[in-house]
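# Inside the fold
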Amino acid sequence: MATLEQLDKNRIPQHVAIIMDGNGRWAKARGLDRSAGHKAGVEALHKVLEAAVKAGVKYLTVYTFSTENWNRPKEEVDALMNLIAWGIDKEKEELIRQNVRLAIVGDISRMPDFARNKTLECMKAASHCTGSTLAIAFNYGSRFELTNAMQRIAQQVKEGKLQPEEISEQTVQENLMTADMPDPELLIRTGGEQRISNYLLWQIAYSELYFCDTYWPDFGADELYDAILDYQGRERRFGKTSEQVKTPSQYPLS
Ligand code: IPE
Ligand code: IPE
Ligand code: MG
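Because the structure is predicted, anything quoted here is derived from the model rather than measured.

Quick look at the overall build of the chain now. When helices and strands are tallied, the chain shows eight helices and six strands. Listed N to C, the secondary structure of the chain is β-α-α-β-α-β-α-β-α-α-β-β-α-α in terms of helices and strands. Radius of gyration (C-alpha) of the chain: 19 Å, near the 18 Å computed for a compact globule of 254 residues. Counting across all 254 residues of the chain, residues that qualify as buried make up 49%. Restricting to contacts in the chain with at least 6 residues of sequence separation, those with at least 24 account for 77%.

By nearness alone, every residue bordering ligand 2 is listed as I19, M20, D21, Y63, T64, F65, N69, R72, R189, R195 and S197. At 3.2 Å from an oxygen atom of ligand 2 is found a side-chain nitrogen or oxygen belonging to R72. Between ligand 2 and S197, the relevant distance is 2.6 Å, taken from an oxygen atom to a side-chain nitrogen or oxygen of the residue. Coverage of ligand 2 by the protein amounts to 77% of the 390 Å² it exposes when considered alone. Here the shell around ligand 2 is built from residues that sort into four nonpolar, three polar and four charged.

Time to look at the side chain of T133. Locating T133 in the fold gives a position in strand β4 (residues 132-140). Apart from residues lying up to four places away in sequence, T133 is in contact with K58, Y59, L60, V100, R101 and A103.

Right, let's talk about the pattern of salt bridges for a bit. This model, assessed by the stated rule, comprises 21 salt bridges. The partner of D78 in a salt bridge is K74, and the shortest N-O contact between them spans 2.6 Å. Placement of the pair is D78 and K74 together in helix α3 (residues 74-97), with a separation of four residues, close to one helical turn. Note on D78: relative accessible area 32%, which makes it partly exposed. The class for K74 is exposed, based on a relative accessible area of 62%. Note that K118 is salt-bridged to D89, the shortest N-O span being 3.9 Å. Here D89 lies in helix α3 and K118 lies in helix α4 (residues 113-125), a separation of 29 residues in the sequence. Overall, the relative accessible area of 30% leaves K118 in the partly exposed class. Given a relative accessible area of 31%, D89 falls into the partly exposed group.

Here the focus is the site of ligand 1. Around ligand 1, a shell composed of 13 residues is seen, among which D21, G24, R25, R34 and R72 lie nearest. Side-chain polar atom of D21 to an oxygen atom of ligand 1: 2.8 Å apart, as the coordinates give it. Between ligand 1 and R72, the relevant distance is 2.7 Å, taken from an oxygen atom to a side-chain nitrogen or oxygen of the residue. Across the complex, the protein chains shield 87% of the 380 Å² of accessible surface that ligand 1 would expose by itself. Secondary structure elements with two or more residues in the shell around ligand 1: α1 (23-29), α2 (34-55) and α3. Sorting elements by how many residues they give to the shell around ligand 1 places α1 first, with three residues. When the residues that make up the shell around ligand 1 are grouped by side-chain class, the tally is two nonpolar, six polar and five charged.

Residues other than glycine seldom take positive phi values, yet N198 does so here, at roughly 65°. Mapped onto the elements, N198 comes out in the loop between β5 (186-189) and β6 (208-211). Backbone geometry at F238 places phi at a positive 50°, although glycine is not the residue there. Considering the arrangement of structural elements, one finds F238 in the loop between α7 (221-232) and α8 (242-246).

Their axes nearest at 10 Å, the elements α2 and α3 cross at an angle of 20°. As summarised for this structure, α2 and α3 are arranged roughly parallel, according to the angle between their axes. Relative to α3, the crossing made by α2 is right-handed. Between α2, through R34, S35, H38, K39, V42, E43, H46, L49 and E50, and α3, the contact on the second element is made entirely by E76, A79, L80, L83, W86, G87, K90, E91, E94, L95 and R97. Grouping the constituent residues of the contact of α2 with α3 by class yields seven nonpolar, four polar and nine charged.

What counts, and at which threshold
- Residues numbered from 1 in each chain as written.
- Chains lettered and ligands numbered in written order.
- Predicted model: local features only at pLDDT ≥ 70, side-chain atom pairs only at ≥ 80, totals over all residues.
- Heavy atoms only, no water.
- Helix = DSSP H or I, 4+ residues; strand = E, 2+ residues; numbered from the N terminus.
- Rg over C-alpha atoms; globule rule 2.2 N^0.38 Å.
- Buried < 20%, exposed > 50% of the residue type's maximum accessible area, 1.4 Å probe, protein only.
- Contact = heavy atoms within 4.5 Å.
- Near = heavy atom within 4 Å.
- Polar contact = N/O pair within 3.5 Å; in protein donor to acceptor, adjacent residues only side chain to side chain.
- Areas by Shrake-Rupley, 256 points an atom, 1.4 Å probe, with all protein chains shown as cover.
- Nonpolar A, V, L, I, M, F, W, Y, C, P; charged D, E, K, R; others polar.
- Salt bridge = Lys/Arg side-chain N within 4 Å of Asp/Glu carboxyl O.
- Axes fitted to C-alpha atoms, helices over the stretch in contact; angles between N-to-C directions.
- Parallel < 35°, antiparallel > 145°, perpendicular 65-115°, else oblique.
- Left-handed = near helix turned anticlockwise from the far one by under 90°.

Quick look at the structure:
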């Protein structure tokens, strides 16, 4: 198990994205209701956020509810809405104490009123915070995000504000729901599945992927630091050769 002291402080990922998976199986293994797993998941996020802030992570983007999760049984969806509202409200003071601002990635118009109000209240209360950003991906799906981005870009073209040949990668990036964030250097998925489940498809083009079997409610500071330590051991080449990355001065044109 890695500790904070083992990490290279100069190579902490700025942005860590997490697919918090395994709440249901964690609960089932204990003979509990799935919603008990989600509640334990809220507690895990509390610990992981604190550990991330301590390490100097600037953006933590967590997948809390996907566009596909609406297809779960109504009682589970209702329990999740209650827990999201409860969790955000409960963490409000803590976010401010840690100088963390709250952002939402996704469409919260479909959130029940009580939960949306708690979310907006918390965003407002922590809006002055400048240390790190906790971005909650709620009713989020990458295909939904990219479809929306295309509609917005098409509208700008239609209005004559943009020429088709002017559309660049930056134009796409600026029209995503994560427009004001850097791309994640590290994507973690807990719970044993090795898939992306419609999460940040554009943004993770060059992210390091880290999959672990630990169910999300059992994931804590040590597990986060394990993931960061693993990330720090990787060579990020961005299409170049290993030699170019190791000795950039020998390749002045690269
Ligand atoms: C992740 O845990 C939380 C949400 C998707 C909301 P799951 O509920 O998917 O847990 P498993 O994968 O069924 O164990
Ligand atoms: C992804 O987990 C979504 C969240 C963690 C919120 P799922 O459990 O919904 O993903 P699949 O269905 O197993 O791919
Ligand atoms: Mg799951």
